[in-house]
Amino acid sequence: MRLNELRDNPGATKARKRVGRGPGSGKGKTAGRGHKGQKSRSGVAIKGFEGGQMPIHRRLAKRGFTNIFKKDLNEVNLGRIQSAVDKKTLDPKKTVTVEALLAAGIIRRAREGVRVLGQGEIKTKLSFEVTGVSTGAQKAIEKAGGSVTLVPMPKRAPKEKAAPVKAKTAPKSEAPAKAEEAKAPAKKSAKTPAKKPAATKKAAPAKKPAPKTKK
Amino acid sequence: MKSNVTTIDAKSAGTVDLAESVFGLEPRVDILHRMVRYQLAKRRGGNHATKDRSQISGTSAKMYRQKGTGRARHGNAKAPQLRGGGKAFGPKPRSHAIGMPKKVRTMALRHALSAKAKAQELVVLDKAEAKDAKTAAMAKKLDKLGLHSALIVGGSEIDKNFGLAVRNLPNIDVLPVQGVNVYDILRRDKLVLTKDALESLEARLK
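So, here's what we can say about the structure. (Residues numbered from 1 in each chain as written. Chains lettered and ligands numbered in written order. Predicted model: local features only at pLDDT ≥ 70, side-chain atom pairs only at ≥ 80, totals over all residues. Heavy atoms only, no water.)

1. Here's the deal with the overall build of chain B
Step number 1: For chain B, the count of helices and strands is seven helices and six strands.
Step number 2: Each helix (α) and strand (β) of chain B, taken in turn from the N terminus, gives the series β-β-α-α-α-β-α-β-α-β-α-β-α.
Step number 3: Surface exposure of chain B reaches about 12,300 Å², of which carbon and sulfur atoms provide 48%. (Helix = DSSP H or I, 4+ residues; strand = E, 2+ residues; numbered from the N terminus. Areas by Shrake-Rupley, 256 points an atom, 1.4 Å probe, with all protein chains shown as cover.)

And the structure:
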């Protein structure tokens, strides 16, 4: 077979419609747009207009909303992680973090956090440090001898929010997190009294601190 | 399917089995046609460009007043209907590539190999090597093998002397196995595969 013998199947391609190329073409004068009026002009699209009848997109009730608190997470399934470990792109001795997943090419770009989901199987013992984990995935990881520590994503998360999130997620996680939990309240108690008076002083006029001291 | 193996000195060197799923297909002309079109479209540079009216240098001032000159109405001199004006809807740099699914592309390679095998235009060499880089000697050898227009596919690396010896021969192309493609196969009369190339192709396409 040579290059000059190649051809596509008959009917595989359709000839382009050439519009406005003279009366002989059949699409000459008005180029298939009829005579005059809005729809014969360029740039016009009368979408969803039903001749004055209440159009379908207004006839039906509005529904749903956009959750402004929605987190844009990377979803990673266990099977994908296992295959990366098998291919040796992911080091099973190190903790699995966002950076490790990025380096292994499992996630293309980091979003607001990583959530581990339970599809596929995991056999290797791995310790995770991620934003979220599904119950099934956690069970599977622990069954394989691994552990999960939940960490909030530092990016975008405001400082004050970070502390309570840690406290919430701590019960799920294991030993290292518990140590952190013990530290966290201590830090809070140390910091917050110092900060709060400062804040109130700035916000409130000079009168307010005085009654406080009396009480 | 069996095929004879020859050495570069046109001596017999046994036979090899060709995989039916790679070399034994009924060639589909339409797929080969699409693949060649894909390759030729994709290799186009697409760096053609013209200037539209906003890119022509010059003043944007009105050429002369609207009324009373006895001449036609005009705005600025860069308009496309005027000499020296910008081009309306001219070519702009773009990719000419057309889409084609990966699986169909590998299928096209299988069909190209099958087409060569079916037309008895497939030659299997044991090795594509040369002692020294002499073109005249190599030309004689290829002549003996009946190769006047051929694509020779070597292993993952081409023997240096062989590559040099063949380089200046008209209508003889050499490619390492990872570079094998439908267009280059169909461009020449014969396809020559070394044993190495055959092995890695079958591993890839089976």
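There's plenty left to go through after this.
2. A word on the sheet that holds strand 4 (residues 132-133) of chain A
Residue and element names in this part refer to chain A.
Step number 1: Strand order in the open sheet made by the three strands is 1-2-4, with parallel pairing throughout. The sheet is open, and its two borders are formed by strand 1 (73-77) and strand 4, each paired with just one other strand.
Step number 2: Along the sheet, helix 2 (residues 78-86) makes contact with strand 1 and strand 2 (113-117), crossing strand 1 at roughly 70 degrees. (Pairing = 2+ DSSP bridges. Contact = heavy atoms within 4.5 Å. Axes fitted to C-alpha atoms, helices over the stretch in contact; angles between N-to-C directions.)

3. Remarks on the interface of chain B and chain A
The accessible area lost on association of the parts is a frequent measure of interface size.
Step number 1: Taken residue by residue, the interface counts 14 residues in chain B and nine residues in chain A.
Step number 2: Roughly 1,100 Å² of surface becomes buried between chain B and chain A when both sides are summed, with 60% attributable to carbon and sulfur atoms.
Step number 3: Sorting the residues of chain B by area buried against chain A places Val29(B), His33(B) and Leu186(B) first, and these three jointly supply 43% of that buried surface.
Step number 4: Counting across the interface, chain B meets chain A through three salt bridges.
Step number 5: As a salt-bridge pair, Asp189(B) and Arg2(A) come within 2.9 Å of each other at their nearest N and O atoms.
Step number 6: The interface formed by chain B and chain A holds four residue pairs in polar contact (both at pLDDT 80 or more) in total.
Step number 7: Those elements that place two or more of their residues in the side of chain B that touches chain A are helix 2 (29-43), helix 3 (102-118) and helix 6 (182-187) of chain B.
Step number 8: Element by element, the count of residues in the side of chain B that touches chain A is highest for helix 2 of chain B, at six residues. (Buried area = accessible area lost by both parts, 1.4 Å probe. Salt bridge = Lys/Arg side-chain N within 4 Å of Asp/Glu carboxyl O. Polar contact = N/O pair within 3.5 Å; in protein donor to acceptor, adjacent residues only side chain to side chain.)

4. What to know about the pattern of salt bridges
A side chain of one charge can pair with a side chain of the opposite charge if their charged atoms are brought near each other.
Residue and element names in this part refer to chain B.
Step number 1: According to the stated counting rule, one finds 13 salt bridges over all chains in the structure shown.
Step number 2: Across the pair Asp184 and Arg187 runs a salt bridge whose closest N-O atoms are separated by 3.5 Å. Of this pair, Asp184 and Arg187 are both found in helix 6, three residues apart, which corresponds to roughly one turn of the helix.
Step number 3: Here Asp184 falls in the buried class, since its relative accessible area comes to 17%. (Buried < 20%, exposed > 50% of the residue type's maximum accessible area, 1.4 Å probe, protein only.)

5. A word on a nonpolar patch on the surface
Step number 1: On the surface, a cluster of nonpolar side chains totalling about 270 Å² of accessible area is made up of Val44(A), Ile46(A) and Phe49(A).
Step number 2: Mapped onto the elements, Ile46(A) comes out in the segment before helix 1 (56-59). (Patch = residues over 30% accessible without salt bridge, like charges linked within 9 Å, V, L, I, M, F, W, Y side chains within 5 Å.)

6. What to know about the sheet that holds strand 6 (residues 190-194) of chain B
Residues and elements named next belong to chain B.
Step number 1: Reading across the sheet, the six strands line up as 2-1-3-6-4-5 and stay open at both edges, with mixed pairing between neighbours. On the outer flanks of this sheet lie strand 2 (12-17) and strand 5 (172-176), each paired with one strand and no other. Each strand of the sheet is rotated relative to its neighbour by a mean of 30 degrees, with strand direction disregarded.
Step number 2: Bridge count between strand 1 (residues 2-6) and strand 2: four bridges; the pairing is antiparallel. Paired with Lys2 across the strands is Asp17, a residue of strand 2.

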